[in-house]
Structure formats: C-alpha cells, structure tokens
Amino acid sequence: MAHTNKHYLDLPGSYFFTEISQRVNTYKKTHPEKSIIRLSIGDVTRPLVPAVIKALHDATDEMGQPSSFHGYGPEHGYEFLIDEIIANDYTSRNVHIEADEIFVSDGTKCDIANIQELFDPSDTVAIIDPVYPVYIDSNVMSGRLGKLINGIWSKLIYLPCTIENNFIPELPTQHPDIIYLCYPNNPTGTVLSKDQLTIWVNYAKKERAIILFDAAYEAYITDPTIPHSIYEIDGAKEVAIEFRSFSKTAGFTGLRCAYTVIPKELKANTREGNEQYLNMMWNRRQTTKYNGCSYIVQKAASAIYTPEGRKQIQESIQYYMNNALIIQNAITQMGITAVGGINAPYVWIKTPDNLSSWDFFDLLLQNAGVVGTPGIGFGPHGEGYFRLTGFGSYEDTNKAIERIQKALLI
Ligand code: MLT
C-alpha cells in the first residue's frame, strides 16, 4: 500500500485564493443579479504588449521550419534571454551576475515553493508576516513548520509587519536557518530601504542563514532610492537567492516566465558539516525535474527588453500604479488608514471599526459587490487588514471606489 505525505493533512482546507473564489462563487449563486468587481488576486488585466505578441508570432513561425525549430532548450534558459536579464536587470544596477547563476523557469510561484527542497526538513524558517501564502504552505508540505495551533504554526518564526512597527520587520530573537523576505511586499505594498535591507543581509551572514528574496514586484518601485535587487547590498551574494517574475512586470501571468538567481558562492552545510553549493544543487534539481520554459515564451520575455517592449510594459505598469493611487487616495480620504500603492500595486487597508478581515470582506462583497483579499489569509498579523489591487481596469477601479464609499457611508 502506498502511504501519503502526512504533512498534507496539516494544511488548511484549500489554497487561500481558491477559498476566496469559492466564497465569491457561492455568493454569486445566491445573488445572480449582483455585479461583482474583483480586486482580489493580483492577476493582470491588460493584454500582452505588441512587442511580446510579435515575438510570440515570430518564434511560432520559427518553430514551424526545420532550419529554426527548437527541441529541448538549454538547462538554464536561452542565452538570448539570460544576456538581456544580466544587462538590463543587473549590470544596469552595478550588480555582477553570471549567466550560470540564472535559472529561467515558468514561474516564481513554483520556484519559491520548490526551493525549500534544497534544505533540511528540520531547518528553522522565519517568514515576514503577513506574506504571500505559498512560502508557508510549501514548507508545511515538507513538515518544516509543525502544527497549526490557534492559527499559529508551532515551528515557524514569525516576523510581524504591522502598523505598530511601520511594516518594517524586526530581526528575530531566535536563530532562523532560512529567511523569506518579499519586497516590494505582497500584500502590504511596503518596501525596505537600502539600509533596512543591509541589516538583513548582515544578520543572515552572522547567523549563516539563507535569505529567499522574492522580488516579483520590483518593476513597480517608483522611489529611486529603493533597491530592486538584494544583490545591490554588499555581501548579499553570499547569503541570498533572488526570485524575479515576468508575470507582474510584463503581464505574463497566463504566459508563464520567471527566473531565479542563485550565486555560485552561495553555500549551506549538510547536517554533518560539509559545505554544499546551492547553485549546483538547484541545477541538479531542475535538470532532473524540469525541462524549462518554452522557446516561444523565452523569446516573448526577451522582447520586453527591446526599446519598444520596455516602453510598452512601462505604460501598463503606470496604468496599474495609477489605479493603486486612486485606491490609496480614496481610502485615505475616507479616514481609513492605508499603506502601499506607491512602490507596489497593492494597497493594504486597516479595516474600519476593527472589523475582522473576513467580516470586512463580506461587508464589501454584500454591500458594494467588490471582492478584495482578507488580510488574515496572508498570516495572523494580517488580521484586521484588507488588500485591494491596482491590477483591475481603470473603469472597474473607479466603480469599485464609488461603491465602497457608498457602502461605508451606510
Ligand atoms: C496575489 O494575489 O497575492 C498573487 O497574485 C498571487 C500570485 O502571484 O500567485
């Protein structure tokens, strides 16, 4: 008889965003006449930009000719894409990254969920809270976080980010082996300055911990002083893995392309004390379990680095950031505390009258027909908060704001 991975039983019923969809669908069944605006999951709504569409067509044509057909691609990704990534995302910011430190993939979600396989199941994990639920769920699946007791994972080191600490996580008092940071942050939309990030890099060095740095939203940074990459911090290549995505940068949520950077000097020990290079381990893992992102999609990703591609994706980013600003301004004008929306497409709202996140979710769904994301789903320190996204259309965003204003004035 086969036996299941018992840690799956520790997981809450469904993935957070699935639960939201289920609740909205149930509501729609009983209220079919209600018009619903979704500003919940951070999914893009603008179509792919013309430069990307052209690259997709051209690459598809290439695949139809014997002379330009491509079978299995190179293990790390195609050179034409990796060269653009290095030049535009790193060299331009004075960061030296080599081609074999980059692993092109079909998404940050899967990379960040899979990366924990490289670490010992008994390693201790520290995670900023609230945060993207994938970090926690993937570690629960491998038994690293213990049991969920009254909403708290028994072995997880929480790094709270709340109004009280201005959403800046403090260093933990307990040693972590692995630290998850996400900046610009999902869900709070807040960022860390260079000095604040330096504190974490120095701490990781001292603790010999590894930082898993999710930078999926870096393209939304508007403040020129904010680092886009953790490798802008001296010494970070010794302690950090970085995750980057084309999903939010270039609207690839339905096309799928991302990359992960694992510097060659990055090491961790076996329990017996032998040093292992994480780049080599991930290479072994990916070559065994993964066959890469398609040629056509990598061609599409490389098109965002052309002058026209860059201009076109920038227009979309500005469009979403304008929505985020509309939300942020309107909520603040209503006398409700909200952060984010300046260097990230998310606005993080303190629920009025100390409502629970789910009560506020129900209130907006029922009285305004607006779906947002309850903060508690991002972790216990998200209770009493609520997230709205700038990824909707301009028209929906304005309509949603009007409806929220009316609903809250009742
Ligand atoms: C979110 O809404 O938090 C994210 O879009 C989900 C994701 O990127 O998978």
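One can find the structure itself at the top, above this paragraph.
Residues numbered from 1 in each chain as written. Predicted model: local features only at pLDDT ≥ 70, side-chain atom pairs only at ≥ 80, totals over all residues. Heavy atoms only, no water.

We now examine the overall build of the protein chain. Along its length, the protein chain carries 12 helices and 17 strands. The C-alpha atoms of the protein chain give 21 Å as radius of gyration, which agrees with the globular expectation for 410 residues (22 Å, within 12%). Based on the C-alpha atoms only, the size of the protein chain along its principal axes is roughly 60 × 55 × 50 Å. A buried classification covers 53% of the 410 residues belonging to the protein chain. Residue pairs in contact within the protein chain that sit at least 24 positions apart in sequence constitute 72% of those at least 6 positions apart. Accessible surface for the protein chain amounts to roughly 18,300 Å². Of this, 52% is attributable to carbon and sulfur atoms. (Helix = DSSP H or I, 4+ residues; strand = E, 2+ residues; numbered from the N terminus. Rg over C-alpha atoms; globule rule 2.2 N^0.38 Å. Buried < 20%, exposed > 50% of the residue type's maximum accessible area, 1.4 Å probe, protein only. Contact = heavy atoms within 4.5 Å. Areas by Shrake-Rupley, 256 points an atom, 1.4 Å probe, with all protein chains shown as cover.)

The next subject is the pattern of salt bridges. Applying the stated criterion across every chain, the model contains 18 salt bridges. With a shortest N-O distance of 3.1 Å, Arg23 and Glu19 are connected by a salt bridge. You can see Arg23 and its partner Glu19 sitting in helix α1 (residues 16–30), four residues apart, about one turn around the helix. Residue Arg23 is classed as partly exposed on the basis of its relative accessible area of 33%. Residue Glu19 is classed as partly exposed on the basis of its relative accessible area of 25%. Among the charged side chains, a network of salt bridges with common partners joins Asp89, Glu218, Glu242 and Arg244. (Salt bridge = Lys/Arg side-chain N within 4 Å of Asp/Glu carboxyl O.)

With that out of the way, let us pick up the packing of aromatic side chains. Applying the stated criterion across every chain yields a total of 26 aromatic pairs. Between Tyr78 and Phe80, the aromatic rings sit 5.2 Å apart at their centres with planes inclined by 15°, giving stacked as the arrangement. Owing to a relative accessible area of 9%, Tyr78 belongs among the buried residues under this scheme. By relative accessible area, Phe80 is classed as partly exposed at 23%. Ring centres of Phe167 and Tyr385 lie 6.1 Å apart, and the angle between their planes is 75°; on these two criteria the pair is classed as edge-to-face. Here Tyr385 lies in strand β17 (residues 385–389) and Phe167 lies in the loop between β6 (156–160) and β7 (178–182), a separation of 218 residues in the sequence. When sorted by exposure, Phe167 lands in the same class as Tyr385, which is buried. Between Arg46 and the ring centre of Tyr319, over which it is positioned, the NZ or CZ distance is 4.3 Å. The ring of Tyr346 is capped by Arg387, whose NZ or CZ atom sits 3.9 Å from the centre of that ring. (Phe/Tyr/Trp six-rings, centres within 6.5 Å; stacked < 30°, edge-to-face > 60°. Lys NZ or Arg CZ within 6 Å of the ring centre and 35° of its normal.)

Right, let's talk about the nonpolar core for a bit. The biggest cluster of nonpolar side chains holds 114 residues, and the ones touching the most others in it are Phe246 and Phe252. In this structure, Val44, Tyr217, Met321 and Phe391 belong to the second largest nonpolar core, which totals 10 residues. (Core = buried A, V, L, I, M, F, W, Y, C linked by side-chain atoms within 4.5 Å.)

To continue, consider the site of the ligand. What surrounds the ligand is the set Phe17, Ile41, Gly42, Tyr132, Asn186, Tyr217, Lys248, Tyr346 and Arg387. A distance of 2.6 Å separates an oxygen atom of the ligand from a polar atom in the backbone of Gly42. Arg387 has a polar side-chain atom sitting 2.8 Å from an oxygen atom of the ligand. When the ligand sits alone it has 260 Å² of accessible area, and the protein chains cover 86% of it. (Near = heavy atom within 4 Å. Polar contact = N/O pair within 3.5 Å; in protein donor to acceptor, adjacent residues only side chain to side chain.)

Okay, empty space enclosed by the protein next. Unfilled space is identified by rolling a water-sized probe across the atoms. Within this structure, the stated rule accounts for two cavities of 30 Å³ or more. In terms of lining, the largest cavity is formed by Arg46, Pro47, Val49, Lys248, Thr249, Ala250, Gly251, Ile313, Ser316, Ile317 and Tyr320. Secondary-structure elements contributing two or more residues to the lining of the largest cavity are α7 (246–250) and α10 (307–333). When residues in the lining of the largest cavity are grouped by element, the largest group, four residues, is from α10. Considered class by class, the residues forming the lining of the largest cavity number six nonpolar, three polar and two charged. Considering only enclosed or pocket space, the second largest cavity measures out at about 40 Å³ in volume. As for the second largest cavity, its lining consists of Tyr183, Pro184, Val191, Leu192, Leu197, Phe213, Ile221, Ile226 and Pro227. (1 Å grid on protein atoms, 1.4 Å probe; cavity = no way out; pocket = protein on both sides within 12 Å on 5 of 7 lines; lining within 4 Å. Points joined across faces, edges and corners; volume = space filled by probe spheres on them. Nonpolar A, V, L, I, M, F, W, Y, C, P; charged D, E, K, R; others polar.)

One open sheet holds the four strands; their spatial order is β13-β14-β17-β16, and the pairing between them is antiparallel. Pairing within the sheet leaves two strands with one partner each, and these edge strands are β13 (338–340) and β16 (373–374). Where β13 and strand β14 (residues 346–350) come together, three bridges link them in antiparallel fashion. Within the sheet, the bridge partner assigned to Val339 lies in β14 and is Trp348. (Pairing = 2+ DSSP bridges.)

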